[in-house]
Amino acid sequence: MRRVQVWTTPFDDQRPGTSGLRKKVKVFQQPHYLENFVQSIFDVLKDYRGGTLVLGGDGRFYNREAAQIILRIAAANGVGKVLVGRGVILSTPAVSCVIRKHRAFGGIVLSASHNPGGPDGDFGIKYNVANGGPAPEAITEKIFARSLEIDAYHIVDAADVDVDTLGSGQLGSMAIEVIDPIADYAALMERLFDFDCIREHLQRGFRLRFDAMHAVNGPYAHAILEEKLGAPAGSVVRGESLEDFGGLHPDPNLVHARSLVDALAQEDGPDFGAATDGDGDRNMILGRGFFVTPSDSLAILAANATRVPGYADGLTGVARSMPTSSAIDRVAESLNIACYETPTGWKFFGNLLDADRITLCGEESFGTSSNHVREKDGLWAVLFWLNLVAATRKPVAALVREHWQQFGRTYYTRHDYEQVDSAAAGDMMSALRGELPKLPGRRYGSLEIVGADEFAYDDPVDGSRSEGQGLRIHLDGGARIVYRLSGTGTEGATLRVYIEAHQMDSSKHDDDPQRALEEQIRAAAELARIAHFTNRTAPTVIT
Ligand code: G1P
Ligand code: ZN
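Residues numbered from 1 in each chain as written. Chains lettered and ligands numbered in written order. Predicted model: local features only at pLDDT ≥ 70, side-chain atom pairs only at ≥ 80, totals over all residues. Heavy atoms only, no water.

A. Seen up close, the sheet that holds strand β13 (residues 283–287). Within the open sheet, the five strands sit side by side as β11-β10-β12-β13-β14. Their pairing is mixed. Looking at strand neighbours, the two that pair on one side only are β11 (236–237) and β14 (290–292), the edges of this open sheet. Bridge count between β13 and β14: three bridges; the pairing is antiparallel. Considered in β14, the bridge of Leu286 is made with Phe291. (Pairing = 2+ DSSP bridges. Helix = DSSP H or I, 4+ residues; strand = E, 2+ residues; numbered from the N terminus.)

Right under this line is the structure:
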């Protein structure tokens, strides 16, 4: 074992948060950089010696090199055993599943989620704790603090470990087991969903297309959708995991998964389409010529949960991030279960799930999951939808339209203003914050402001309070405008404006949400004086 003296502090410009440390590959390739972060994790953890750690990632460039470094440092720090996904592959939800199933003390995920990969792309590393979820802020802050003062890391000198052959090995006194990255996860999915029912539906000629975006879920989708469920070969497209995701941006949305959207728009196209992101935690669901908004998806899964074996006993409660539409609230009300509204970010769901206050949760940003893991889970959402479609024998669009009939339609759109000058964005938010008390009663055309506030969250489980989580303008009739600055952008600031309105009367439903929300969209820009502060007259991305 070697103790390597280091003198640099690696994370001075951007602190690693609960989504881990994400940087350009080139930054991670600097001497001692990754080593410092990994040693900082072990320095902060207690009681891990002799325990089991899970290691895997999304297959992006530098995962393999990073894994070898991590294994050598883990061995030098007294880890008992590491479960490595073969080829260093494990989707983010699969890491969560494996940690829980094998009672590991934690796991390391090598991924930068939906960010582009390759030598000039991004790399990332994230630490997950024993419940399978991302390390809470208290831990990530300690890791960051430790990284600033660390002066050495421990590493064993050894040849590279074979991570491509299933089975057990040894590195110093540490055991290494290379595991099938799919088996545990697939078994969990098989317990939750009615695979026979989906298989029969596929045999009846139902056609699905899953776009793996050359990311981690390719092999999972081949194994589960094609091999286990019998979807014809070719149903999974872009299924080969590539280190640079084929040069694309592995984010499942209307822009980056355009070819899938186009395929579903065709007369003779597939009946069902879905895509997931780089590390397999985000999802997009499409019917024939039909896009299901993530907010609607969450509400519809909740409303129909008892049709699926894993949720046949019903839901204890549900949760959504604050900017996610209120469609789920109406479902919770009708089911007479609690609906929690949390700040943006997956970490806030962890406590609610651990305390069994909720069964399902989701965000408008294409993230949905349940108490089966502690991460969002893309393929899980896809299987849930397939199970519903198969059990009801109804197409996606019909299920959504029936939902709108019963609960009304919640129009929803998100307008992003990317790479805005940070100071300008901050000024805009401050000015609007100052205006909030004066807004109630003001009118914009036919809209009336009935309330305005800044969202804060009191965690009902641990009592912690999170303030400054977005500015909200409540309009008459349940419509809403929300403003917040992104916490994940890398260049300048990203202003996100979330706009929603509810229409109960289905004879008035408009299939173009931008048109249906025209007045609210105009009010949103005027109220915050977006053009004045940012010099932008239109958003860069509309979802
Ligand atoms: C974005 C999404 C948020 C998600 C996060 C991590 O954060 O809006 O819902 O949890 O990415 O995937 P934001 O950039 O808005 O802070
Ligand atoms: Zn992701």
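B. Quick look at the sheet that holds strand β24 (residues 471–475). The seven strands are arranged β20-β21-β24-β25-β26-β19-β27 in an open sheet whose pairing can be described as antiparallel. The open sheet has two edge strands with one neighbour each: β20 (443–444) and β27 (541–542). Pairing geometry for strand β21 (residues 447–454) and β24, over five bridges, is antiparallel. Note that in β24 the partner of Glu454 across the bridge is Leu471. Lying over the sheet, helix α15 (residues 422–435) contacts β19 (409–420), β21, β24, β25 (480–485) and β26 (493–503), oriented at roughly 140° with respect to β25. (Contact = heavy atoms within 4.5 Å. Axes fitted to C-alpha atoms, helices over the stretch in contact; angles between N-to-C directions.)

C. Here's a closer look at the site of ligand 1. Near ligand 1 lie 14 residues; those nearest to it are Ser365, Ser486, Gly487, Thr488 and Arg496. Within the contact set of ligand 1, an oxygen atom lies 3.1 Å away from a side-chain nitrogen or oxygen of Arg282. Taken by itself ligand 1 offers 380 Å² of open surface, and the protein chains cover 90% of this. Here the shell around ligand 1 is composed, by residue class, of one nonpolar, six polar and seven charged. (Near = heavy atom within 4 Å. Polar contact = N/O pair within 3.5 Å; in protein donor to acceptor, adjacent residues only side chain to side chain. Areas by Shrake-Rupley, 256 points an atom, 1.4 Å probe, with all protein chains shown as cover. Nonpolar A, V, L, I, M, F, W, Y, C, P; charged D, E, K, R; others polar.)

D. View of helix α7 (residues 195–203). Listing the buried residues of α7 in full gives Phe195, Cys197, Ile198, His201 and Leu202. In a view along the axis of α7, the buried residues occupy a sector of 165°, so they form one face of it. Packed against the buried residues of α7 are α6 (183–192), β10 (208–211), α8 (217–228) and α13 (378–392). Where α7 begins, one side-chain oxygen reaches toward the backbone nitrogen of Asp196, 3.3 Å away; that side chain belongs to Asp194. Within two residues after α7, Gly205 carries a phi angle of roughly 105°, on the positive side. (Buried < 20%, exposed > 50% of the residue type's maximum accessible area, 1.4 Å probe, protein only. Arc of directions from axis to C-beta.)

E. View of the coordination of the zinc ion (ligand 2). The protein atoms that coordinate the zinc ion (ligand 2) are Ser113 (OG), Asp277 (OD), Asp279 (OD) and Asp281 (OD), at distances spanning 2.0 to 2.1 Å. Considering all four donor atoms around the zinc ion (ligand 2), the spread of angles at the metal, 89 to 162°, places the coordination shape in the irregular class. (Donors = N, O, S within 2.8 Å, 3.2 Å for Na, K, Ca; no water. Tetrahedral: all angles 85-135°; square planar, octahedral: opposite > 155°, others 65-115°.)

F. View of the pattern of salt bridges. All chains considered together, the criterion is met by 39 salt bridges. A salt bridge links Glu341 to Arg320, with the shortest nitrogen-to-oxygen separation between them at 3.1 Å. One end of the pair, Glu341, is in strand β16 (residues 338–342); the other, Arg320, is in strand β15 (residues 317–321), with 21 residues separating them in the sequence. Relative accessible area serves as the criterion here: at 23%, Glu341 is assigned to the partly exposed category. Among the ionic pairs, Glu500 bridges to Arg480, the shortest N-O distance being 3.0 Å. (Salt bridge = Lys/Arg side-chain N within 4 Å of Asp/Glu carboxyl O.)

G. The arrangement of empty space enclosed by the protein in detail. Tallied over the full model, the rule gives two cavities of 30 Å³ or more. When its volume is computed, the second largest cavity comes out at roughly 50 Å³. Every residue along the wall of the second largest cavity is listed here: Asn283, Met284, Ile285, Phe291, Val292, Pro294, Ser297, Phe366, Gly367 and Thr368. For the lining of the second largest cavity, the secondary-structure elements that each account for two or more residues are β13, β14, α10 (294–303) and β18 (367–370). Classifying every residue of the lining of the second largest cavity by side-chain character gives six nonpolar, four polar and no charged. (1 Å grid on protein atoms, 1.4 Å probe; cavity = no way out; pocket = protein on both sides within 12 Å on 5 of 7 lines; lining within 4 Å. Points joined across faces, edges and corners; volume = space filled by probe spheres on them.)

H. Layout of helix α5 (residues 137–149). A rise of 1.5 Å per residue sets the reference length of α5, with its 13 residues, at 18 Å; its end C-alpha atoms lie 19 Å apart and thus fit the reference within 8%. Among all positions in α5, only Thr140, Ile143, Phe144 and Ser147 are buried. The buried side chains of α5 occupy one side of the element, clustering within an arc of 100° when seen end-on. Within α5, the exposed residues directed more than 90 degrees away from the buried face are Ala138 and Glu149. As for α5, its buried residues are in contact with α2 (33–44). (Expected span 1.5 Å × (residues − 1).)

I. Region of interest: the packing of α13 against helix α14 (residues 396–407). Taken N-terminus to C-terminus, the directions of α13 and α14 make an angle of 90°; their axes are 10 Å apart at the nearest point. The orientation of α13 with respect to α14, classified from their angle, is roughly perpendicular. On α14, the residues touching Trp385, Leu388, Val389 and Thr392 of α13 are Val396, Leu399 and Val400. Class assignment of the residues belonging to the contact of α13 with α14 gives a composition of six nonpolar, one polar and no charged. (Parallel < 35°, antiparallel > 145°, perpendicular 65-115°, else oblique.)

J. The side chain of Arg480, seen in detail. Looking at the secondary structure, you find Arg480 in strand β25. Look at Arg480 and you get buried, because its relative accessible area is 7%. At 3.4 Å, the side chain of Arg480 and the backbone oxygen of Pro323 are in polar contact. Only 3.5 Å separates the side chain of Arg480 from the side chain of Glu341, close enough to count as a polar contact. Not counting residues up to four positions away in its chain, the partners in contact with Arg480 are Arg320, Met322, Pro323, Thr324, Glu341, Ile473, His474, Leu475, Tyr498, Ile499 and Glu500.

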